[in-house]
Amino acid sequence: MSAKASRQRTRHRDEEPQHLDRWLVSYADFITLMFAFFVVLYAISQVNEGKYRVLSDALLNAFRDGRSPLGNVRGDAIIALPVPSHDEFSRRRSEARLKAIARDMNDALIALVQQGQVRVSETSRGIAVDINASLLFAPGRAELSSNAQQALGSVARVLSALPNAVEVEGHTDDSPIANSLYPSNWELSAARASRVVRLFSELGLAPTRLSAVGYGEFRSVEDNTTAEGRARNRRVTVMVVRPGEAIRNIPR
């Protein structure tokens, strides 16, 4: 082969177009970076209180010493953010759990809530689930009706996933009762609360979590001068006690 032909062949190879798939390399690098970015976001979203406090303390100490893990930062430009205390973390976590419990209860009893038979609310002691007594018992009686089994079963399923203590409160209106079983509204309300507690125990809730109390007509939520008010006062309240709070019978 002549030298001229060899030079022409070499020039031809040099002038060949570049590979069109080189963009795949940059694309692969971009995908890798995006994957790493989302991994970091996921890791940040999994808050670990202990690690957060260690990191916060380390950053604050570095700033106080005039050193910054982010590079050369002027001391007068550093703003030390407040680090939430352990008690504050616990309080926020407790509040978030209570709100989740309220949502779960409301969802489990949504049909009865819409009918006005059940009310779910947050109180100073925890989550209160007020159930109209007419849904659970016949007038002047403490035997659970067939409708009660379904409603209280829904409540028990939510409670079974929780560690909270549970208080069941019996309430009546101020209409006097005097029969061979219940000489007063105290006995009636206490018997109703005890019957609900017994059902919860039969449904698998630990008895050590449960307590029953009868308040009679002395913890009314409405005026007893109207039929609607008396109906509202005749209720059973399932109180999901706030975490860390002891079971005790005090006004809400």
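What am I meant to see in the side chain of Asp 173 here?
Mapping Asp 173 onto the fold places it in the loop between strand E3 (166-171) and helix H8 (185-202). Separated by 3.0 Å, the side chain of Asp 173 and the backbone nitrogen of Ser 175 make a polar contact. At a separation of 2.6 Å, a polar atom in the side chain of Asp 173 contacts the side chain of Arg 234.

Explain the sheet that holds strand E5 (residues 235-241) here, please?
Strand pairing within a sheet occurs via backbone hydrogen bonds; the two strands may be parallel or antiparallel. The mixed open sheet is built from 5 strands, whose spatial order is E1-E2-E5-E3-E4. A single partner strand is all that each edge strand has here, and the edge strands are strand E1 (118-122) and strand E4 (210-214). Mean inter-strand twist for the sheet, computed between neighbouring axes without regard to direction, equals 20 degrees. Across 6 bridges, E3 lies against E5 in antiparallel orientation. Bridging from a neighbouring strand, Gly 170 pairs with Val 236 of E5. Packing of H8 onto the sheet brings it into contact with E3, E4 and E5, and relative to E4 it is tilted by some 165 degrees.

What is the right way to look at the layout of surface pockets in this model?
Sizing a probe to match a water molecule and rolling it over the atoms shows the empty space that remains. Its boundaries defined by the atoms lining it, the second largest pocket holds a volume of some 250 Å³. In terms of lining, the second largest pocket is formed by 17 residues, of which the most central are Pro 139, Gly 140, Asp 173, Arg 192 and Arg 234. For the lining of the second largest pocket, the secondary structure elements donating two or more residues are helix H6 (133-136) and H8. The element best represented in the lining of the second largest pocket is H8, accounting for 3 residues. Classifying every residue of the lining of the second largest pocket gives 8 nonpolar, 6 polar and 3 charged.

Here is what the cut-offs are and how they apply
Residues numbered from 1 in each chain as written. Predicted model: local features only at pLDDT ≥ 70, side-chain atom pairs only at ≥ 80, totals over all residues. Heavy atoms only, no water. Helix = DSSP H or I, 4+ residues; strand = E, 2+ residues; numbered from the N terminus. Polar contact = N/O pair within 3.5 Å; in protein donor to acceptor, adjacent residues only side chain to side chain. Pairing = 2+ DSSP bridges. Axes fitted to C-alpha atoms, helices over the stretch in contact; angles between N-to-C directions. Contact = heavy atoms within 4.5 Å. 1 Å grid on protein atoms, 1.4 Å probe; cavity = no way out; pocket = protein on both sides within 12 Å on 5 of 7 lines; lining within 4 Å. Points joined across faces, edges and corners; volume = space filled by probe spheres on them. Nonpolar A, V, L, I, M, F, W, Y, C, P; charged D, E, K, R; others polar.

What is shown is where atoms sit, not what they do.
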